[in-house]
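# Geometric and topological summary
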Amino acid sequence: MPYEHILVAVDLTEECDPVIKRAMKLAEPTGAKVSLVHIVEPMAMAFGGDVPMDLSQLQQQQFDQAKERMDRLFNKYPDINRGDSHLTYGQPRQEIHQLAKDQNCDLIVVGSHGRHGLALLLGSTANDVLHGAPCDVLAVRLMKTS
Ligand code: AMP
């Protein structure tokens, strides 16, 4: 069965271009829907949850910047399904899985750095998304290691 709704997880760096392009190529022959998702991780979460200052303004700036970058991607790739795309706060794995379920996506596409050494110990979003995914997952190999 061809894929009908492809969810592309984007980190909004320049590296998301090859990931989106791969998804668009896959969708082309069958006219599958392609949607984007980006998750803004709450700053308090990144700092371990116990921060003695108000991060709300910084957090808002981070969200606004992400929105601007998402808009640039929608302009660059007009075939992307804007209505089903999402920008939200949370933990990437959890939010991507939930969205894939809610939107009946049959494929999630993520970028993968093919880490090694110390970076491998830190884990990767691609690996995280693969575990417990509600549908198929395609990891697009990215050249740069980080
Ligand atoms: P990373 O393992 O964090 O280097 O990211 C690898 C891939 O995971 C990226 O190419 C994206 O497909 C996805 N990804 C990473 N961070 C996010 C995020 N905050 N929101 C959505 N997808 C993400």
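Residue numbers restart at each chain and count upward from 1, following the sequence in its written direction. Side-chain atom pairs in this predicted model are given and counted only at pLDDT of 80 or more, local residue features only at pLDDT of at least 70, and totals for whole chains, interfaces and linings cover all residues. Think of the side-chain values as coming from all heavy atoms in the structure, minus any hydrogens and water.

The protein chain is annotated in an unreviewed UniProt entry as Universal stress protein of Pseudomonas arcuscaelestis. Within the UniProt record for the protein chain, the comment given under Subunit (unreviewed entry) is "Homodimer." For the protein chain, the Sequence similarities (unreviewed entry) comment in UniProt is given as "Belongs to the universal stress protein A family." UniProt positions are given in the numbering used here, feature names are shortened, and annotations may be inferred rather than shown by experiment.

## A closer look at the sheet that holds strand 1 (residues 5–9)
Pairing between two strands is assigned when DSSP locates at least 2 bridges connecting them. Working definition: helices are DSSP H or I runs of at least four residues, strands are E runs of at least two. Numbering for both runs from the N terminus. Strands sit in the order 3-2-1-4-5 across an open sheet of five strands; the sheet is parallel. Each edge of the sheet is formed by a strand with only one pairing partner; in this case those strands are strand 3 (86–89) and strand 5 (136–141). In this sheet, neighbouring strand axes are inclined to one another by 25° on average, regardless of whether the strands run parallel or antiparallel. Bridge count between strand 1 and strand 2 (residues 33–40): five bridges; the pairing is parallel. By the bridge assignment, Leu7 is partnered in strand 2 with Ser35. Along the sheet, helix 4 (residues 92–102) contacts strand 1, strand 2, strand 3 and strand 4 (107–112); its crossing angle with strand 2, the most-contacted strand, is approximately 150°. Here an angle of 0 to 180 degrees is reported between the N-to-C directions of two axes, which are lines fitted to C-alpha atoms, with helices fitted over the stretch in contact. We call two residues in contact when some of their heavy atoms are within 4.5 Å.

## Topic: the packing of aromatic side chains
Aromatic contacts are taken between Phe, Tyr and Trp rings whose centres are within 6.5 Å, Trp giving its six-membered ring; a plane angle under 30 degrees counts as stacked, one over 60 as edge-to-face, and the others as tilted. One pass over the structure, following the stated rule, counts one aromatic pair. With 4.8 Å between their ring centres and 35° between their planes, Phe63 and Tyr89 make a pair best called tilted. One end of the pair, Phe63, is in helix 3 (residues 56–76); the other, Tyr89, is in strand 3, with 26 residues separating them in the sequence.

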